[in-house]
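Each chain, letter by letter, is given below.
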Amino acid sequence: MSTRSRNMWDSWTSSVPALLHSSTLEPCRDLAAAATHLARAALADQYMVYEAAGGVWHFAAGSAVSLTAHPATLTARAAGRTWTAPTDGRPLTVFSDALSALSAAHGAHDGGRHFYGWAAFELAHLLHADPAATGDAPVLHALIPSVEVTLTGDRTVVRAADEAWLRKVADLLAEPTPRQRPPKETPWDVTERIVAAGAAAYGDAVSRTVEDIRAGLLEKAVVSRKVPLPAGPPVDFTATYLAGRRANTPARSYLLDLGGYRAAGFSPETVLEVGENGRVSTQPLAGTRARGTDPAENERLRAELLTDPKEIHEHAVSVRLAWDEMAAVCQPGSVAVEEFMTVRPRGSVQHLASRLTGRLRPDAGTWDAFASLFPAITATGVSKRSALQALARHEEGPRGLYAGAVFRGSTGGALDAALVLRTLIGEGNETWLRAGAGVTAQSSPEREIEETCEKLRSVAPHLRYATG
């Protein structure tokens, strides 16, 4: 880091208020409802609810302190001031430098200072493929919150920049659950019209991708389709999140209004998890069958999934590449497959799942691991570079938040990044769903269309709309 950059980040971090005030409250009976209630209260311009591992929920809010990276520049904000730095086409590096300065200023002990953010899928083009395909939209955004709430079954911990935030949160959590008429459920026929939208065009894209694979251009690509939702009535993101979380079994979930995006999602897997001790893991899921209310049918589909050559091949190549990406940043001999090809239920579908772990090299940091593993191989393809080029040919428009990451991290070096799938996304006046399927040489358009429908049913039936 140059002296000029160091001075700029020192100036920024000196303007970031510390979370000096804290309180411990009684546990909430319904953690999902409590976190959603805080989100609905509109405490600040930006917020995130993040459901982490082990039944721990986090809520963060604020607007004064943030980092936003475009391909060419990174903008930092704090205390009403703005700092801008060039990225030279390496926004993740400059983003990491800013967070390192924050760590130096606010300390890494006891977990350090937390940040919440997202990475857009188009960051992948800068990391692995053609920088010209990135576009000029933001690729990274992080909020350093003014108030952070951690909810567990044992207690509720609130940390804030001042006493006023503590009182606001305590008052909100003390409120009785409001008696509101539940939003109308989405009728079955409406759900099916939503999930079927654009299926024919998607089948054509699958066919073109199979031709590329058979021509030797790549081994696998995860081709997706966007499903725009009608402009009215507007979707209620908080109600959709709560309804969807009741019905799903995600690895992570999140509800956010952050950096220009709104999202309510039920992620089936993590891109990566990094501990402060340098342990890193990733959880590729590839291979899919439907999952419904009939246990016998679910078991039949599970057995079919475990013996389907196409699904097994798709999963195995994903694990192979994830291994290579882990090995690039981990100590020699430390990468291991701790779980291989088990079946995980994820809402309306079930997936083949594996988990790989390793130990970061002394010269590799958290964001080096992120750069190696992002975007998840299960949302791009093999090879990653060739798959990104194929997606640019066969998908319409940028993915944006879809197949990127939503994350919670700390200046102590921890990072927990969820893959953005099974997610309702909003930007400006647009709201949409998106789903994809892994395309290999054995793929048929009909089966891949049905797989996207199965995945869309994890969210579409739980859409709730604003009333009155």
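Coordinates for the structure precede this section.
Since this is a predicted model, take the numbers as computed values, not measurements. (Residues numbered from 1 in each chain as written. Predicted model: local features only at pLDDT ≥ 70, side-chain atom pairs only at ≥ 80, totals over all residues. Heavy atoms only, no water.)

**Looking at the environment of V158**
So, point 1. If you trace the backbone, V158 turns up in strand β10 (residues 156-160).
So, point 2. Accessibility expressed as a relative area gives 0% for V158, which makes it buried.
So, point 3. For the pair V158 and G426, spaced 268 residues apart in sequence, the C-alpha separation works out to 29 Å.
So, point 4. When near neighbours in sequence (up to four residues on either side) are disregarded, V158 contacts H21, S22, S23, L25, V147, E148, V149, L166 and V169. (Helix = DSSP H or I, 4+ residues; strand = E, 2+ residues; numbered from the N terminus. Buried < 20%, exposed > 50% of the residue type's maximum accessible area, 1.4 Å probe, protein only. Contact = heavy atoms within 4.5 Å.)

**Quick notes on the nonpolar core**
So, point 1. Counting residues in each nonpolar core, the largest one holds 135 residues, and the members touching the most others are W9, W12, F95, L272 and F370.
So, point 2. When residues in this core are grouped by element, the largest group, seven residues, is from helix α3 (residues 91-106). (Core = buried A, V, L, I, M, F, W, Y, C linked by side-chain atoms within 4.5 Å.)

**A short note on the packing of aromatic side chains**
Any two aromatic rings considered together are summarised by their centre-to-centre distance and by the angle between their planes.
So, point 1. Tallying each qualifying case throughout the model produces 12 aromatic pairs.
So, point 2. Consider the rings of W9 and W12, whose centres lie 5.9 Å apart with planes at 75 degrees: the pair is edge-to-face. Highlighted residues: W9 and W12, both in helix α1 (residues 3-14), separated by three residues, approximately one helical turn. Just as W9 is buried, W12 falls in that class too.
So, point 3. Aromatic ring contacts, followed pair by pair, group F95, F115, W367, F370, F374 and F407 into a single cluster.
So, point 4. Positioned over the ring face of W165 is K168, at 4.8 Å from the centre of the ring.
So, point 5. In this structure, K226 packs its charged tip against the face of W432, placed 4.2 Å from the ring centre. (Phe/Tyr/Trp six-rings, centres within 6.5 Å; stacked < 30°, edge-to-face > 60°. Lys NZ or Arg CZ within 6 Å of the ring centre and 35° of its normal.)

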